[in-house]
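Fold and contact review
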Amino acid sequence: MANNHSELIGITTAFVQQELAEAEGGHDWWHIYRVWQQARHIAAEENVDLVVVELAALLHDIADPKFHGGDESIGPAKAAAFMRAQAVPEETAWHVENIIRYMSFKNALEKRVFYSPEMGVVQDADRLDAMGAIGIARAFNYGGFKNRALYDPAVAPNLQMSKEEYKHSSAPTINHFYEKLLLLKDMMNTATGRRLAAERHAYMETYLERFYKEWEGEW
Ligand code: ADP
Ligand code: NI
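What you see is a predicted model; the values in this text were computed from it and never measured.

Here's the deal with the overall build of the chain
Along the backbone of the chain there are 11 helices and zero strands. Each principal axis of the C-alpha distribution contributes one length, and for the chain these read about 60 × 35 × 30 Å. Buried positions account for 46% of the 219 residues belonging to the chain. Pairs at least 24 residues apart make up 65% of the contacts formed inside the chain by residues separated by at least 6 positions. Accessible surface, the chain: about 11,900 Å² in total, of which carbon and sulfur atoms supply 53%.

What to know about unusual backbone geometry
One non-glycine residue, Ala 87, lies in the positive phi region at around 55°. With respect to the helices and strands, Ala 87 occurs in the loop between helix H4 (74-85) and helix H5 (90-102). Relative accessible area serves as the criterion here: at 43%, Ala 87 is assigned to the partly exposed category. One non-glycine residue, Asn 147, adopts positive backbone phi at about 60°. When you line up the elements, Asn 147 lands in the loop between helix H8 (132-145) and helix H9 (163-168). For Asn 147, a relative accessible area of 72% corresponds to the exposed category.

Here we look at the coordination of the nickel ion (ligand 2)
The nickel ion (ligand 2) binds to the protein through His 31 (NE2), His 60 (NE2), Asp 61 (OD) and Asp 126 (OD); the donor distances cover 2.1 to 2.2 Å. Sequence positions of the residues that donate to the nickel ion (ligand 2) give the spacing H-x28-H-D-x64-D. Of this pair, His 31 sits in helix H2 (residues 29-43) while Asp 61 sits in the loop between helix H3 (50-59) and H4, and the two are 30 residues apart along the sequence. For the pair His 31 and Asp 61, one class covers both residues: buried.

Here's the deal with the packing of H3 against H5
Direction vectors running N to C along H3 and H5 enclose 45°, while the axes themselves pass 9 Å from each other. In terms of orientation, H3 and H5 fall into the oblique class. Crossing handedness for the pair H3 and H5: right-handed. Contact residues: Val 51, Val 52, Leu 55, Ala 56 and Leu 59 in H3; Thr 92, His 95, Val 96, Ile 99 and Ile 100 in H5. Split by residue class, the contact of H3 with H5 holds eight nonpolar, two polar and no charged.

A word on H4
Side chains three or four residues apart in an α-helix point the same way, a direct result of the helix having 3.6 residues per turn. Counted at 1.5 Å a residue, the expected span for H4 with its 12 residues is 16 Å, and the 17 Å between its end C-alpha atoms agrees. Considered for burial, the residues of H4 that qualify are Gly 75, Pro 76, Ala 79, Ala 80, Phe 82 and Met 83. The arc that holds every buried residue of H4, seen down its axis, measures 165°, which confines them to one face. Pointing more than 90 degrees away from the buried face of H4 are the exposed residues Arg 84 and Ala 85. Turning to H4, the residues buried within the fold contact helix H1 (5-19), H3 and H5. Directly after H4, the chain includes Ala 87, whose backbone phi takes a positive value near 55°.

Conventions adopted
Residues numbered from 1 in each chain as written. Chains lettered and ligands numbered in written order. Predicted model: local features only at pLDDT ≥ 70, side-chain atom pairs only at ≥ 80, totals over all residues. Heavy atoms only, no water. Helix = DSSP H or I, 4+ residues; strand = E, 2+ residues; numbered from the N terminus. Buried < 20%, exposed > 50% of the residue type's maximum accessible area, 1.4 Å probe, protein only. Contact = heavy atoms within 4.5 Å. Areas by Shrake-Rupley, 256 points an atom, 1.4 Å probe, with all protein chains shown as cover. Donors = N, O, S within 2.8 Å, 3.2 Å for Na, K, Ca; no water. Axes fitted to C-alpha atoms, helices over the stretch in contact; angles between N-to-C directions. Parallel < 35°, antiparallel > 145°, perpendicular 65-115°, else oblique. Left-handed = near helix turned anticlockwise from the far one by under 90°. Nonpolar A, V, L, I, M, F, W, Y, C, P; charged D, E, K, R; others polar. Expected span 1.5 Å × (residues − 1). Arc of directions from axis to C-beta.

This is how it looks when you write it as structure tokens:
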């Protein structure tokens, strides 16, 4: 059991690293590490409970439903059991569990069943990791894992796909930028998140311009 903030965070990082030892590239420990660091930076500008932010950032992806038969309850339940074992105060644990449960992209599109400033910070940090240089790397890494083409000029992006269709789509990775990544900048919760997202967005746009230019043979 942890006696103070830094001890609890230390125990939590060790737990998460162990849980994610076999995780795929998009949601490995280093994704968690980046989201955690980014969340700490954003939290410094916001009036939020830092323990809640750090625990939620560290525990937000310990069981990706994509690899657990679509079961979305495993991650929050695992996180809750861990926090209980560490005697994290009930109110903190409840808050963190709810953040993890309601944070994913699709829930944001639906009615906000749960929201807190702490959740806003962690969600911004998670979304930032899908943008910019890292976001580009993650997208192509995912596309490679799914054996998708980089780009196909004949396949236009489709913004109307249902969640299920999207999962089984074999669309090229470039389409993902229009279907998701370029939409993220308008979904940020915090002022700091918006500023960082604007920068990463501009970087992705520059990248895409370059990509199309090189595709046709630069001169
Ligand atoms: P999150 O963990 O943020 O909910 P996902 O699990 O959907 O996101 O995706 C993890 C990473 O893989 C993100 O960087 C995302 O952009 C990327 N990714 C997800 N779906 C696709 C796709 N169809 N094509 C390319 N990249 C994708
Ligand atoms: Ni994540």
